[in-house]
Amino acid sequence: MRLRRVLVVLLAAVLVLCGLCAGAGVWVWSGAVLSTADEVDFVRPLAVPPLAPSRLDAQGRRVFELTARAGTHDFGHGQTPTWGYGGSYLGPTLRAARGEQVVVDVANTLGEATTLHWHGMHLPAAMDGGPYQGIEPGTTWSPTWRIDQPAATLWYHPHPHGRTAQHVYRGLAGMFLVDDPATDVAALPHEYGVDDFPVIVQDKKFDGDGGLDDAESFLSGTGLLGDTVAVNGTVGPYLEVSTRRVRLRLLNASNARSYDFGFTDGRTFALVGSDGGLLPQRVDLARVMLSPGERAEIVVTVAPGERAVLRSYPQALGTSLVDRFTGGADTLDILQLRVSGDAAARPEVPQRLVDVPRLDPAGAAQRRTFKLGERSINGKGMAATRVDAAPVLGTTEVWQVVNNDGTPHNFHVHDVQFQVASVGGQAPPPWLAGWKDTVYLPPNRPYELVMRFTDYADPNTAYMFHCHLLSHEDSGMMGQFVVLPPATTPGAGSG
Ligand code: C2O
Ligand code: CU
Ligand code: CU
């Protein structure tokens, strides 16, 4: 009898525990999906980063100044400690034209070393701002280079090894617009802050004191996923639009989250540009997906007096059941457009945009394979003393990259803009027809990237290639390459 009672009590205890576990399981499972659809109050005017002032020095170089500093910022959680360039969060928009020699004086007034990397820029490795061009506290770094690439929406952010996620999350990032009459289209909206706007999208979360919470989810290896979206640092943003067509330069400057942008009424928009410049043709889409680091330029047609809401929709990251722990199942309201009743006309976006000369994969001097998985590339973590690839100046290469571990990754290459030659053996979709420097990699689908190494050889200074999910990059999912002068034997001069 006694034994039986003990057994009954034990069984009851087991059942209660199982119930708790199942309950917790359901809670974790459903709690992993976030939706702010129709729940965001769009009550703050969208901050538009100012254009950075510049001066011409005695040698005719365009000189900018950026000062990394600490401050506080209002995300609707009181005064949140943040970092920024000049101001307290993010930085001004740098803008320069092809052919100009630029200098950026980057001063560091933070309490620790940082670096500043020009994401998407074609420049010498020593100016690239990678992990080796550290800017110690109290010092100024002044990289200089000649802008020589098509008109594009690039950006800048720190790249200190192991610390990039924190530095970007605290607010160190900004846009860099390259102008080039030869590869721009006059019919596109192009007045900054009037019909042409930066849209820097980041997700944040806050601790009880209103500070930025940078804890990563223990449920997925994706990294930090926030529950609050800030656009150009503004939470709950609306944008007053005074023209019937508006160009949005979307930048995913989030640590780990990917977005699938679209409008809540399902309207289509014209995708006109990708990371490295305008596309050969406009692509009419209802959604555009951006993983961390990627940009898209879209032109949206709006009606006088209307309100339109940009939202991020659940997306197929390719990671199936895990998608809900990667942010892939989330719905997030991003930005409201408020169109004035007397919005001015703007021209129709032309069908054909710019010539994008195709790089021929058949002409590749070298093919390389990079397998991303387990926070490493080809099984190796980032090592300062190892050079993983040494392309020769003036040659074209094909890099086949593949995500091998079933969690979200993307692939970014410094110095060059590449073209996607194939996706899983097929021709790429039209939205990948232009220049890219970062591309999302769904699991187990090989992407062939064609790139050409021009202008700058330096056997002693490396560029990086890496996953742009910042905690992956920080934990070593990164490799290095040097561009060798033509006469050098590959492999020599590295170390
Ligand atoms: Cu935007 Cu190496 O990074
Ligand atoms: Cu970069
Ligand atoms: Cu990754």
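Here the structure is a predicted model, which is why all the values come from computation and not from measurement.

1. A closer look at the coordination of the copper ion (ligand 2)
Moving on, step 1. The coordination sphere of the copper ion (ligand 2) contains the protein donors His 117 (NE2) and His 412 (NE2), at a distance range of 1.9 Å. Placement of His 117 in strand 7 (residues 117-119) and of His 412 in strand 27 (residues 409-413) is noted, with a sequence separation of 295 residues between them. Comparing His 117 with His 412, the two get one shared label, buried.

2. Quick notes on the coordination of the copper ion (ligand 3)
Moving on, step 1. Note on the copper ion (ligand 3): its protein donors are His 409 (ND1), Cys 467 (SG) and His 472 (ND1). The metal-donor distances range over 2.0 to 2.2 Å.
Moving on, step 2. Motif for the copper ion (ligand 3), donor spacing along one chain: H-x57-C-x4-H. Of this pair, His 409 sits in strand 27 while Cys 467 sits in the loop between strand 31 (463-466) and helix 3 (470-474), and the two are 58 residues apart along the sequence. Each member of the pair His 409 and Cys 467 is classed as buried.

3. Points about the packing of aromatic side chains
Moving on, step 1. A complete count under the given rule lists 21 aromatic pairs for this structure.
Moving on, step 2. Between Trp 399 and Phe 481, the ring centres sit 5.7 Å apart and the planes meet at 90 degrees, which makes this aromatic pair edge-to-face. Separated by 82 residues along the polypeptide, Trp 399 in strand 26 (residues 396-403) and Phe 481 in strand 32 (residues 478-481) bring together distant segments of the chain. For the pair Trp 399 and Phe 481, a shared accessibility class is recorded, and that class is buried.
Moving on, step 3. Linked through ring pairs, Phe 370, Trp 399, Phe 411, Phe 453, Tyr 463, Phe 465 and Phe 481 together constitute an aromatic cluster.
Moving on, step 4. For Arg 267, the ring lying beneath its charged end belongs to Phe 263, and the centroid distance is 5.6 Å.
Moving on, step 5. In this structure, Arg 338 is placed above the aromatic ring of Tyr 238, and the distance from its NZ or CZ to the ring centre is 3.6 Å.

4. Brief notes about the domain arrangement of the protein chain
Moving on, step 1. Assigned domains of the protein chain: these are domain 1 (47-182), domain 2 (196-344) and domain 3 (361-481).
Moving on, step 2. Between the C-alpha centres of domain 2 and domain 3 the distance comes to 25 Å.
Moving on, step 3. Of the residues lining the interface, 25 residues belong to domain 2; the matching set on domain 3 comes to 23 residues.
Moving on, step 4. Of the roughly 1800 Å² buried at the junction of domain 2 and domain 3 (both faces included), carbon and sulfur atoms supply 56%.
Moving on, step 5. It is Asn 255, Asp 275 and Pro 292 that lose the most area in domain 2 upon contact with domain 3, and together they represent 18% of the buried surface on that side.
Moving on, step 6. Applying the counting criterion to the domain 2 and domain 3 interface returns 3 salt bridges.
Moving on, step 7. Residue Arg 295 pairs with Asp 437 through a salt bridge whose shortest N-O separation is 2.7 Å.
Moving on, step 8. Our count for the contact surface shared by domain 2 and domain 3 stands at 15 residue pairs in polar contact (both at pLDDT 80 or more).
Moving on, step 9. At the level of elements, strand 18 (269-274) and strand 19 (277-285) are the ones that each hand at least two residues to the side of domain 2 that touches domain 3.

The rules behind these values
- Residues numbered from 1 in each chain as written.
- Chains lettered and ligands numbered in written order.
- Predicted model: local features only at pLDDT ≥ 70, side-chain atom pairs only at ≥ 80, totals over all residues.
- Heavy atoms only, no water.
- Donors = N, O, S within 2.8 Å, 3.2 Å for Na, K, Ca; no water.
- Helix = DSSP H or I, 4+ residues; strand = E, 2+ residues; numbered from the N terminus.
- Buried < 20%, exposed > 50% of the residue type's maximum accessible area, 1.4 Å probe, protein only.
- Phe/Tyr/Trp six-rings, centres within 6.5 Å; stacked < 30°, edge-to-face > 60°.
- Lys NZ or Arg CZ within 6 Å of the ring centre and 35° of its normal.
- Domains from an automatic or database assignment.
- Contact = heavy atoms within 4.5 Å.
- Buried area = accessible area lost by both parts, 1.4 Å probe.
- Salt bridge = Lys/Arg side-chain N within 4 Å of Asp/Glu carboxyl O.
- Polar contact = N/O pair within 3.5 Å; in protein donor to acceptor, adjacent residues only side chain to side chain.

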